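Architecture at a glance
Here are the chains, one letter per residue:
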Amino acid sequence: MTTDQQTQRPQAAQLDAADPLATQREAFYTPDAGQLTSYLDGNSLGRPLKATAANLQNFVHDAWGSRLIRGWDEQWMDEPTRVGDRIGEVTLGAAAGQVTVGDSTSVMLYKLIRAAVDAQPGRDEIIIDRDNFPTDRFIIEGIAAERGATIKWIAPNPASGVRPADLDGILGERTAVVVLSHVAYRSGFLADAPGITNAVHRAGALMLWDLCHSVGSVPMELDAWGVDLAVGCTYKYLNGGPGSPAFAYVNAARQNRLQQPIWGWMGADNPFGMTEAYRPAEGIRRFITGTPPVLAMQPIKDMVELIASVGMDAVREKSINLTEYAIRLADELLVPMGAAIVSPRNAAERGSHITVDHPMFRDVTAKLWERGVIPDFRPPHGLRIGLSPLSTSYAEVELGVTAIRDALAELQ
Ligand SMILES: Cc1ncc(COP(=O)(O)O)c(C=O)c1O
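Residues numbered from 1 in each chain as written. Predicted model: local features only at pLDDT ≥ 70, side-chain atom pairs only at ≥ 80, totals over all residues. Heavy atoms only, no water.

Notes on the overall build of the protein
This is how the line gets drawn: Starting at the N terminus, helices and strands are each numbered in turn, a helix being any DSSP run of H or I of at least four residues and a strand any DSSP run of E of at least two. Using C-alpha atoms as the atom set, the radius of gyration is obtained and then compared with a globule rule of 2.2 Å times the number of residues to the power 0.38. With a 1.4 Å probe rolled over the protein chains alone, any residue whose accessible area is under 20% of its type maximum counts as buried; one over 50% counts as exposed, and the rest are partly exposed. We call two residues in contact whenever any of their non-hydrogen atoms come within 4.5 Å of each other. Methods summary: accessible areas were calculated by the Shrake-Rupley approach with a probe of 1.4 Å, and residue burial reflects only the protein chains presented. Only four residue types enter the charge count, namely Lys and Arg as positive and Asp and Glu as negative; His and the chain termini do not. Every charge is mapped onto a representative atom, which is NZ of Lys, CZ of Arg, CG of Asp or CD of Glu.
A count of helices and strands for the protein gives 13 helices and 13 strands. For 412 residues, the compact-globule formula gives about 22 Å, and the C-alpha radius of gyration of the protein, at 22 Å, lands near that figure. Counting only C-alpha atoms, the protein reaches 75 × 60 × 35 Å along its principal axes. Burial statistics for the protein: of 412 residues in total, 55% are counted as buried. Taking all contacts inside the protein whose residues are at least 6 apart in sequence as the whole, residues at least 24 apart take part in 71%. Carbon and sulfur atoms provide 53% of the accessible area of the protein, an area that totals close to 17000 Å². Across the protein, the mean location of the 37 positive side-chain charges is 2 Å away from that of the 49 negative side-chain charges.

What to know about the site of the ligand
Convention followed: Near, as used in this document, describes a residue that has one of its heavy atoms within 4 Å of the molecule or strand being considered. Each polar contact in these results corresponds to two N or O atoms within 3.5 Å; when the atoms are within protein, one needs to be able to donate a hydrogen and the other to accept it, and residues that are neighboring in sequence are counted only if both atoms are side-chain atoms. Note on residue classes: Ala, Val, Leu, Ile, Met, Phe, Trp, Tyr, Cys and Pro are nonpolar, Asp, Glu, Lys and Arg are charged, and everything else, Gly too, is polar.
In the region of the ligand, the neighbouring residues are Ser104, Thr105, Ser106, Phe133, Thr135, Asp136, Ser181, Asp210, Cys212, His213, Tyr235 and Lys236. For the ligand, an oxygen atom lies 2.7 Å from a polar atom in the side chain of Thr105. When the ligand sits alone it has 400 Å² of accessible area, and the protein chains cover 84% of it. Those elements giving two or more residues to the shell around the ligand turn out to be α5 (105–118) and α6 (134–147). In the shell around the ligand, the residues fall into three nonpolar, six polar and three charged.

Some thoughts on the domain arrangement of the protein
Applied cut-off: Each domain's limits were defined by an automated method or a database of domain assignments. Two parts placed together each lose some accessible area; with a 1.4 Å probe, that loss summed over both constitutes the buried area. Any Lys or Arg side-chain nitrogen found within 4 Å of a carboxyl oxygen on Asp or Glu counts as a salt bridge.
One can read the domain layout of the protein as domain 1 (12–48 + 311–411) and domain 2 (75–307). In this structure, domain 1 and domain 2 have C-alpha centres spaced 28 Å apart. Each side of the interface is counted separately: domain 1 has 36 residues, and domain 2 has 26 residues. Carbon and sulfur atoms make up 56% of the surface buried where domain 1 meets domain 2, a total of about 2400 Å² over both sides. Taken together, domain 1 and domain 2 are joined by two salt bridges. In this structure, Arg186 and Asp357 form a salt bridge, with 3.3 Å as the shortest nitrogen-oxygen distance.

Observations regarding unusual backbone geometry
A cis amide bond links Pro379 to the next residue, Pro380, at an omega of 5 degrees. Take Pro380: it is sitting in the loop between β12 (376–378) and β13 (382–386). One non-glycine residue, Asn239, adopts positive backbone phi at about 55 degrees. By secondary structure assignment, the location of Asn239 is in the loop between β7 (229–232) and β8 (247–250). Overall, the relative accessible area of 3% leaves Asn239 in the buried class. Backbone geometry at Met274 places phi at a positive 50 degrees, although glycine is not the residue there. By secondary structure assignment, the location of Met274 is in the loop between α9 (252–255) and α10 (294–310). Since its relative accessible area comes to 58%, Met274 is described here as exposed.

Some words on the nonpolar core
Across soluble globular proteins, nonpolar side chains show a tendency to be buried alongside one another. Convention followed: Put simply, a nonpolar core is a bunch of buried Ala, Val, Leu, Ile, Met, Phe, Trp, Tyr and Cys residues held in one set by side-chain atoms that sit within 4.5 Å of each other.
Counting residues in hydrophobic clusters, the biggest one holds 47 residues, and the most contacted among them are Ile87, Leu92, Ile196, Trp209 and Leu211. Looking at this core element by element, the count peaks at six residues for α10. Here this core gathers at least three residues from each of two domains, domain 1 (12–48 + 311–411) and domain 2 (75–307). Residue contacts for Leu211: discarding those within four places in its chain leaves Leu92, His182, Met220, Leu222, Ala230, Val231, Gly232 and Phe247.

Here we look at the sheet that holds β13
This is how it is decided: Only strands that DSSP links by at least two bridges are regarded as paired with each other.
Taken in spatial order, the four strands make up an open sheet running β9-β10-β13-β12, and their pairing is antiparallel. The open sheet has two free edges, formed respectively by β9 (340–341) and β12, since each of these has just one partner strand. As defined by bridge partners, strand β10 (residues 353–357) adjoins β13 across five bridges and the pair is classed as antiparallel. In the strand pairing of β13, His353 is matched with Gly386.

As for empty space enclosed by the protein
This is how it is decided: Here a cavity denotes grid points, spaced 1 Å and computed from the protein atoms alone, that fit a 1.4 Å probe unable to get out, and a pocket denotes an open set having protein on both sides within 12 Å along at least 5 of 7 lines; residues with an atom within 4 Å of a point are the lining. Grid points are joined across faces, edges and corners, and a volume is the space filled by probe spheres set on the points.
Summed over the entire model, instances satisfying the criterion amount to one cavity of 30 Å³ or more. By volume, the largest cavity is sized at about 30 Å³. For the lining of the largest cavity, the residue count by class is six nonpolar, two polar and no charged.

Description of a nonpolar patch on the surface
Basically, it comes down to this: What goes into a patch is any residue over 30% in relative accessible area without a salt bridge, connected to like charges within 9 Å or, for nonpolar side chains (Val, Leu, Ile, Met, Phe, Trp, Tyr), within 5 Å.
Taken together, the side chains of Val60, Trp64, Leu68, Ile69 and Leu295 make up a nonpolar region of the molecular surface, amounting to roughly 500 Å² of accessible area. Looking at the element boundaries, Ile69 is found in the loop between α2 (50–64) and α3 (70–74).

Thoughts on the environment of Phe287
Structurally, Phe287 is set in the loop between α9 and α10. In sequence terms Phe287 and Pro344 are 57 residues apart; their C-alpha atoms lie 36 Å from each other. The residues touching Phe287, leaving out its near neighbours within four places in the chain, are Thr100, Lys111, Leu112, Val250, Gln255, Leu258 and Gln260.

Dropping the structure here:
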């Protein structure tokens, strides 16, 4: 591998040439010329697959247009759990019958956290960290107000995230459920999910992981780790498209002792019995509420199959290499201009994005978007560089970080 003479940095072209996953990029839809030069926001909205454009058209023609209402009996009633099982098998380390797809992440969080609190009388505390994504915090504040529960806040190191020791003195016999993000949305910190889950279980409480930023980028073993509950979105690294439905994982051992709060006919044990009273279905189906968003689930299937074809370990290896490269570039080009890398430098503690802080990054991001270079901005000063392993090249990362340096220089 050749390196840049001045910097000792490997060159992007060589890294791309040596990348065993480089050809996977061809599977993604390419925008018209001039629209995009570097996409660094796959951690917010993944790019569409070419297969998705064709499969959606087929779906409209065949399953919807030709089978019409018969589609529900023929396949759609089971689509939430069929797609869920495949997400579980390929990305979560979850055996069949524990994952369902539907609703938004926020609604799934509400259903599972409420169920966890309601199932444990005498345990009236919910633990979450102050740096968690707003919707997680807001949903918990709402549930605490509704159920008279108390929130115990963890204040983690903002440049990393929640470590097992942060739970010492907070976890206890009144803890009902602990809610944490597996990969922190800002710093990109990858939490020790098995270690924290164990600690939570030792206190007799339930553990819920928000997997929005890890599903499809970090391999998981939810069953082996003994995780109770998890939710995740599908529009980031599962490339489901804007507003694609979330998934919920409920460990089989917990399912029938949890009752979710939004009772709807599709989660009842006999939806077409038109019964007088609600009785929850057995198993994972009881976490469904209304008519599942079947159309919006279709693109998820294409990405899950692409991931299955290369394997999560290969995805993770590329993700680590991309984030390492982005850190090298940021050290060389952005840190000398006053920027600070606020993501873990240890790859084992990092997901698939890095965040760099600078007071001018809000304006820098706006300038870059006009130029087809697309990272995102999270207040107060964070520019996030998201590296979707199967759709991002090293050349794109180099071009993007160089463009950030140039825009910063113009504004300073
Ligand atoms: C950690 C985390 N949780 C939840 C959400 C979003 O929830 P929803 O899908 O309901 O908008 C996001 C969105 O980026 C997120 O990063």
